[in-house]
Structure formats: structure tokens, C-alpha cells
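What follows is the residue order along each chain.
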Amino acid sequence: MKLYYAETLSPRKACALAGYLGLPIEYVFVDLGKGEQARPDYLAINPNGKAPCLVDGERSLWEADAILCHLAQRTESGLWPRNAHQQIDVVRWMSWNSQHLLRHGGSLYFEYIIKPWAGMGAPDEAKVAEAQGFYRKHAAVLDQHLKGRKWLLGDEMSVADFSVGITLPYAKDAAMPVGEFAEVLRWHDQLNSLDAWRNPFPARPAYAAMNA
């Protein structure tokens, strides 16, 4: 298997899960700054020109949430629940996240992290205020749901936790107002106990040499 990734939000969850499962994956870094995502050879496996993308044998699979489910199913991990009701819950939370929490957390991530990296200027205060308002609204839904539950689906961790939690490692740097939500913080502390969650990206030789 080859996992094509960049050191950004969506690839982070795919890398974190692959690391947690201890899979024998070849990691291929896609340098977004150099436009490698738009090269013809990459577009041949992911016509969207995005990362991540997983190549497993003859199959090319894009979209991070689909990759999470595939990896968990392929390894017969309990992170993909056996119960059909819980499987639907996984899909529900992944869909909810993409439309709500990740959508607005991603806006803050763009304003505070991507724009400085790309030399696009300072955060837009109006866009920040709007995104923070929506983030609070949806974080409150998540916070209420987590009361009395260890993980999103109950007592057992699932791929939904890897998906929905993905903005939280960037909360401080991207001014996401998660400090107001005790249950969300408690839940993320559990994820942070996993080394694969804290350090999801493989070491890159050039980067390691530069920082030696």
C-alpha cells in the first residue's frame, strides 16, 4: 500500500490511523508548495488533485474518511464496528463533521495557518468571527453528545473519533474556541494519549537532515 499525503488536515487523520494500526505502508509526501498534486502522474491516481490518496494494489482510493474506513476494514480492526447500527453512526458523524465542525474549523485553519504559510497576508477578521461562531455552535452539539460517553459511539473508539477530532490539534494555533467545551477537551485528551495521534506524519529525510 502507498499513502500519498501532505502535512495538512485531511491527510493527518489518514496518517494517524495508519500509524495507530501499525500498517506496512509506504508513505509518499506530496509537496503542495511545489504543486506536485497537479502533476499528471498524481492526477492519474487522484483526479481531484488533493491529498490524501491511498493506492492498495490495483485500487486507488481518495477522500480521507473513505481511507479510514478501508484501512480499518482491511485489517479487521474493531475501529470499524461490526454492528450495522454503529456503522451507520460512523457515517453520520463523518458526514456531520465534513459539513459542520471540519468546515468551520478548516476555515480557521486556513486563516491562521495556511495563509501565513502561503504568504497570503493576515487573517480576515470578519471571516474569523463568522467561523468561530459556527464552530462554537457545532462544538456545543459534540460536547452535549459526549456527556456520558467515552468515545463518539460509546465505550469503544472508532474511525469516527479519528475523523471528527482532526481539527483539535490545531485549535490553539488557529483560534478555535474549544476551551469552552469540557467534554470535547476530555475526549481530545484521550486521543492525545495515542502517539500516532500526536505524531502522525512519518519523518521525511530531507526535513530531518535540515533540522539535525
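Here, residues in each chain are numbered from 1, in the same order as that chain's written sequence. Since the coordinates come from a predicted model, pLDDT governs what is reported: local features require at least 70, and pairs of side-chain atoms require 80 or more to be given and counted, while whole-chain, interface and lining totals use all residues. Hydrogens and waters are ignored; side-chain quantities use all the structure's heavy atoms.

Per an unreviewed UniProt entry, the recorded name for the protein is Glutathione S-transferase, and the organism is Paraburkholderia fungorum. UniProt positions are given in the numbering used here, feature names are shortened, and annotations may be inferred rather than shown by experiment. One UniProt comment on the protein, placed under Sequence similarities (unreviewed entry), says "Belongs to the GST superfamily."

A.B. asks: What exactly am I supposed to notice about the nonpolar core here?
C.D. replies: Ranked by size, the top nonpolar core spans 55 residues in total, and within it Leu142, Val159, Phe162, Met176 and Trp187 carry the most contacts. Where this core is concerned, the elements lending two or more residues are strand E1 (2–5), helix H1 (9–21), helix H3 (64–74), helix H4 (84–99), helix H5 (101–118), helix H6 (125–146), helix H7 (159–164) and helix H8 (182–192). Excluding anything up to four places from it in sequence, Phe162 contacts Lys13, Ala16, Leu17, Tyr20, Leu68, Leu79, Met157, Leu194 and Trp197. To qualify as a nonpolar core, a set must consist of buried Ala, Val, Leu, Ile, Met, Phe, Trp, Tyr and Cys residues joined through side-chain atoms within 4.5 Å. Relative accessibility thresholds used throughout: buried, under 20% of the residue-type maximum; exposed, over 50%; partly exposed, between the two (1.4 Å probe, protein chains only). In this structure, Val30, Tyr42, Ala51 and Cys53 belong to the second largest nonpolar core, which totals seven residues. Helix and strand assignments follow DSSP, with helices taken as H or I runs no shorter than four residues and strands as E runs no shorter than two, numbered in order from the N terminus. It only takes one pair of heavy atoms within 4.5 Å for two residues to be counted as in contact.

A.B. asks: Would you explain the state of the cysteines in this entry?
C.D. replies: Any covalent bond linking the sulfur atoms of two cysteines counts as a disulfide. Two cysteine sulfurs form a disulfide in these notes if their separation is within 2.5 Å. Per the counting criterion, the structure on display carries zero disulfides. The closest cysteine sulfur to the non-disulfide-bonded Cys53 is located on Cys15, 12 Å from its own sulfur. For Cys53, a relative accessible area of 0% translates into the label buried. Considering cysteine sulfurs only, Cys53 is the nearest to Cys69, which forms no disulfide, with 16 Å between them. Judged by its relative accessible area of 13%, Cys69 is buried.

A.B. asks: Looking at this structure, I do not really get H1. What am I missing?
C.D. replies: The periodicity of an α-helix, 3.6 residues per turn, causes residues three or four positions apart to be oriented the same way. Between its first and last C-alpha atoms H1 spans 19 Å; for 13 residues at 1.5 Å apiece the expected length is 18 Å, and the two agree. Looking at H1, one finds that the buried residues are Leu9, Pro11, Arg12, Lys13, Ala14, Cys15, Ala16, Leu17 and Ala18. After H1 finishes, the residue Gly22 shows a positive phi value of roughly 65°. Under the convention used throughout, the expected extent of a helix is 1.5 Å for every residue step, that is, one less than its residue count.

A.B. asks: How do you make sense of the UniProt feature "domain: GST N-terminal" (unreviewed entry) in the protein when you look at a structure like this?
C.D. replies: Taking the UniProt record as the reference, the feature "domain: GST N-terminal" (unreviewed entry) is found at residues 1–79. Between the end C-alpha atoms of residues 1–79 the distance is 19 Å, and the span holds 35% helix and 20% strand.

A.B. asks: In this structure, what is going on with the domain arrangement of the protein? I would like to understand it.
C.D. replies: Considered domain by domain, the protein is made up of domain 1 (2–77) and domain 2 (84–194). Start and end points for every domain follow an automatic or database-based domain assignment. Centre-to-centre separation of domain 1 and domain 2, based on C-alpha positions: 21 Å. Tallying the contact residues gives 14 residues for domain 1 and 15 residues for domain 2. Around 1300 Å² of area is buried between domain 1 and domain 2 when both sides are counted, 78% of it from carbon and sulfur atoms. Taken as a group, Leu9, Arg12 and Lys13 account for 45% of the area that domain 1 buries against domain 2, more than any other trio of residues on that side. Salt bridge criterion: a side-chain nitrogen from Lys or Arg within 4 Å of a carboxyl oxygen from Asp or Glu. For the pair domain 1 and domain 2, the interface holds zero salt bridges. Any pair of N or O atoms that falls within 3.5 Å is considered a polar contact. Within protein, one atom must be able to donate a hydrogen and the other to accept it, and sequence-neighbouring residues count only if both atoms are side-chain atoms. Where domain 1 touches domain 2, the interface holds three residue pairs in polar contact (both at pLDDT 80 or more). For the side of domain 1 that touches domain 2, the leading source of residues is H1, giving six residues. Residues are grouped as follows: nonpolar covers Ala, Val, Leu, Ile, Met, Phe, Trp, Tyr, Cys and Pro; charged covers Asp, Glu, Lys and Arg; every other residue, Gly included, is treated as polar. Looking at the side of domain 1 that touches domain 2 residue by residue, the class counts come to eight nonpolar, two polar and four charged. Simply put, the buried area is the total loss of 1.4 Å probe accessible area from both parts when two parts are fitted together.

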